[in-house]
Amino acid sequence: MAGHDGVLGGPGEHLDPEVVRRFVVQQVREVDLDGARVCLVVPDATRTCPLPLLLRAVHEGFGGRPRRVDVVIALGTHQGMDEAHLARHLGYEEGRLEATYPGWSVVNHASWDPETFTSLGTIPGTRLAELTGGLLTGPDVDVRINRLVADADVALVVGPVFPHEVVGFSGGNKYFFPGVSGQEVIDVSHWVGALITSAAMIGSRGVTPVRALIDEAASMLACRRLALCLVVASGTDVLHAAAFGTPEEAWAQCAEVSAQTHVTYLDRPWRRVLSVIPEKYEDIWTAAKGFYKLEPVVADGGELVLYAPHITQVSVMHPHITEIGYHNRDYFTGQWDRFRDQPWGDLAHSTHLRGQGTWDPENGERNRVTVTLATGIPREVVEGVNLRYLDPATVDVEAWAQDPDTFVEPHAGEVLYRLREEAPPGGAEFPGEADGRQPSEERAAQ
């Protein structure tokens, strides 16, 4: 991958920050930005990415050419970041944005404010059926997006690519939809992913039905779309690769590297998996990634424990999920008249965390694995959403790691685990990086 125009690095490489800086500056300088209104779309703190390094290089590459630069944090429906968090995340002293990034403004994508959005048009139900292979034949989808993006001459995404439960691999146009989009595209895209199931979708290479849908929505933007996509060693600021170009091209380059870097293959399934959730995930809505990435290596009838004593809420921005609870896909599709008017994004999140299973009127709900929360959420709330409760004070992570029937992931949420028998030809050439800190060979050998 190294040496190609617009592409730097590759699987197994650790890029020098100065090399990355020069690469970004060079790529950005080649873009015609004279007098342009530019919108930078960047991830929130739930994504590992050395944003300060990258944004300083982008600022240098801009060289004062744009007439206006708006930085929008692609929250999707996550909660907003305050000034202290923004300063740490973007790399400036609190209250001194102008000193580090002269001429830039920074805003959260305010999904909760209707004034945030403008409509780009509609994806008809007939087109939706084509894009999703018939999984959905409607409704018509109103494509709404943050006004700052729609009004820009150039929209530049800066963000990482990781295996993702809804779309296959994150990044690229996904930072537009759902990153800064209205609820309509969010609901439909996430429900398509849920119908396919997280276990089947996550880590799928190429243009999945959900990727096709968000690419279609992004194509409705009138501005020039560009992306600086990254492959980051999980839990670190180390880059393996970077690609610059259209969101489709840059994403495809990095998704191939991510598939070889962020997927770790294990030799056998495990009866119990302990998923240790980093503190950057502040509720179960975001921390559920610790389930998605490890579900494939839990044995039938086994248990996956999300260990996060710091988490005290199921969802900050989606409290309605406590009324729906967590259930498998068939629970909802088998009773669709009962659930069709619920927010589809909430239904999708529910199925993604509950995992694979079945439902029928006679036998009720049957799930492949037990999902247990060892968090600061009270027992009555956990059991009320159809999950198992475990007092986090009873979890000794080091002792569990010595148990021959337990697999412990100490930095869950970004690296996908699969069974080696599922690896594509040549897919396990690189053993993957378990958490960006521990030698991958030791983990992959377990």
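As a reminder, the structure under discussion sits directly above these lines.
All values reported here derive from a predicted model rather than from experimental measurement. Each chain has its residues counted from 1, following the order in which its sequence is written. A pLDDT threshold of at least 70 governs which residues receive local features in this predicted model, and a stricter bar of 80 or more applies before side-chain atom pairs are shown or counted, although totals over entire chains, interfaces and linings include all residues. With hydrogens and water set aside, each side-chain value is computed from the structure's full complement of heavy atoms.

*Asks:* Give me the packing of helix H1 (residues 17-29) against helix H2 (residues 51-62): which residues, what numbers.
*Replies:* A fitted line through C-alpha atoms represents every axis, and for helices the fit uses only the stretch in contact; the resulting angles, taken between N-to-C directions, go from 0 to 180 degrees. Each helix corresponds to a stretch of at least 4 residues labelled H or I by DSSP, and each strand to a stretch of at least 2 residues labelled E; elements are numbered beginning at the N terminus. As a packed pair, H1 and H2 sit with axes 8 Å apart at the nearest point and diverge in direction by 40 degrees. By crossing handedness, the relation of H1 to H2 is classed as right-handed. Residues Pro 17, Val 20, Arg 21, Val 24, Val 25, Val 28 and Arg 29 of H1 form the contact with H2, whose own contacting residues are Leu 53, Leu 54, Ala 57, Val 58, Glu 60, Gly 61 and Phe 62. Take the far helix as your reference; a near helix turned counterclockwise from it by less than a right angle gives a left-handed crossing, and one turned clockwise gives a right-handed crossing. Any two residues whose heavy atoms approach within 4.5 Å at even a single point are treated as in contact.

*Asks:* Residue-level account of the pattern of salt bridges, with values.
*Replies:* Salt-bridge detection follows one rule: a side-chain nitrogen of Lys or Arg within 4 Å of a carboxyl oxygen of Asp or Glu. If you walk through the whole model with that rule in mind, you get 22 salt bridges. Linking Glu 18 and Arg 21 is a salt bridge whose minimum nitrogen-to-oxygen distance equals 2.7 Å. With Glu 18 and Arg 21 both in helix H1 and three residues apart, the pair spans about one turn of that helix. The classification of residues rests on relative accessible area computed with a 1.4 Å probe and restricted to protein chains. Under 20% of the type maximum is buried, over 50% is exposed, and intermediate values are partly exposed. Here Glu 18 falls in the partly exposed class, since its relative accessible area comes to 32%. The partner of Asp 267 in a salt bridge is Arg 420, with the nearest N and O atoms 2.6 Å apart. Taken as a pair, Asp 267 in the loop between strand S12 (263-266) and strand S13 (270-276) and Arg 420 in the loop between strand S20 (416-419) and helix H19 (440-444) lie far apart in primary sequence, 153 residues in all. Arg 420 sits in the partly exposed class, given a relative accessible area of 34%. Each of the salt bridges in this network shares a partner with another, and the network as a whole consists of Glu 18, Arg 21, Arg 22, Arg 29 and Glu 60.

*Asks:* Before we move on, could you go through the packing of H2 against helix H3 (residues 83-90) and cite the residues and values that matter?
*Replies:* Look at H2 against H3: their axes get within 7 Å of each other, and the N-to-C directions meet at 75 degrees. Taken together, H2 and H3 sit at an angle that is classed as roughly perpendicular. Packed against H2, whose contacting residues are Leu 51, Pro 52 and Leu 55, the element H3 presents Arg 88, His 89 and Leu 90 at the interface. Roughly parallel covers angles under 35 degrees, roughly antiparallel covers those over 145, roughly perpendicular covers 65 to 115, and oblique covers all other angles.

*Asks:* Describe unusual backbone geometry, with residues and values.
*Replies:* Cis peptide bonds are those with omega within 30 degrees of zero, and the linkage from Gly 138 to Pro 139 qualifies with 5 degrees. Position of Pro 139 relative to the elements: it lies in the loop between helix H5 (125-131) and strand S6 (141-146). Cis geometry is found at the peptide bond from Phe 177 to Pro 178, where omega equals 15 degrees. Considering the arrangement of structural elements, one finds Pro 178 in the loop between strand S9 (168-169) and helix H7 (183-196). A positive phi angle, near 90 degrees, is found at Thr 197, a position not held by glycine. Mapped onto the fold, Thr 197 is located in the loop between H7 and helix H8 (198-201).

*Asks:* Got a sec to walk through the side chain of Arg 144? Specific residues and values, please.
*Replies:* Take Arg 144: it is sitting in strand S6. A distance of 3.0 Å separates the side chain of Arg 144 from the side chain of Glu 184, its partner in a polar contact. Residues adjacent in sequence count toward polar contacts only when both atoms are side-chain atoms; beyond that, a polar contact is any pair of N or O atoms within 3.5 Å, and within protein one must be able to donate a hydrogen and the other to accept it.

*Asks:* Kindly report on the environment of Ala 199, identifying the contributing residues and their values.
*Replies:* With respect to the helices, strands and loops of the structure, Ala 199 is situated in helix H8. By relative accessible area, Ala 199 is classed as buried at 17%. Considering only alpha carbons, one finds Ala 199 and Thr 100, 99 residues apart in sequence, at a separation of 42 Å. The residues touching Ala 199, leaving out its near neighbours within four places in the chain, are Glu 295, Gln 356 and Arg 418.

*Asks:* Lay out the side chain of Asn 328 in plain terms, naming residues and giving numbers.
*Replies:* Examined against the element boundaries, Asn 328 turns out to sit in the loop between helix H13 (321-324) and helix H14 (329-333). Of the polar contacts made by the side chain of Asn 328, one reaches the side chain of Asn 367; its length is 2.9 Å. With near-sequence residues (within four places) excluded, Asn 328 lies in contact with Thr 351, Arg 354, Gly 355, Gln 356, Gly 357, Thr 358, Trp 359, Glu 365, Arg 366 and Asn 367.

Nothing here speaks to function; it is geometry throughout.
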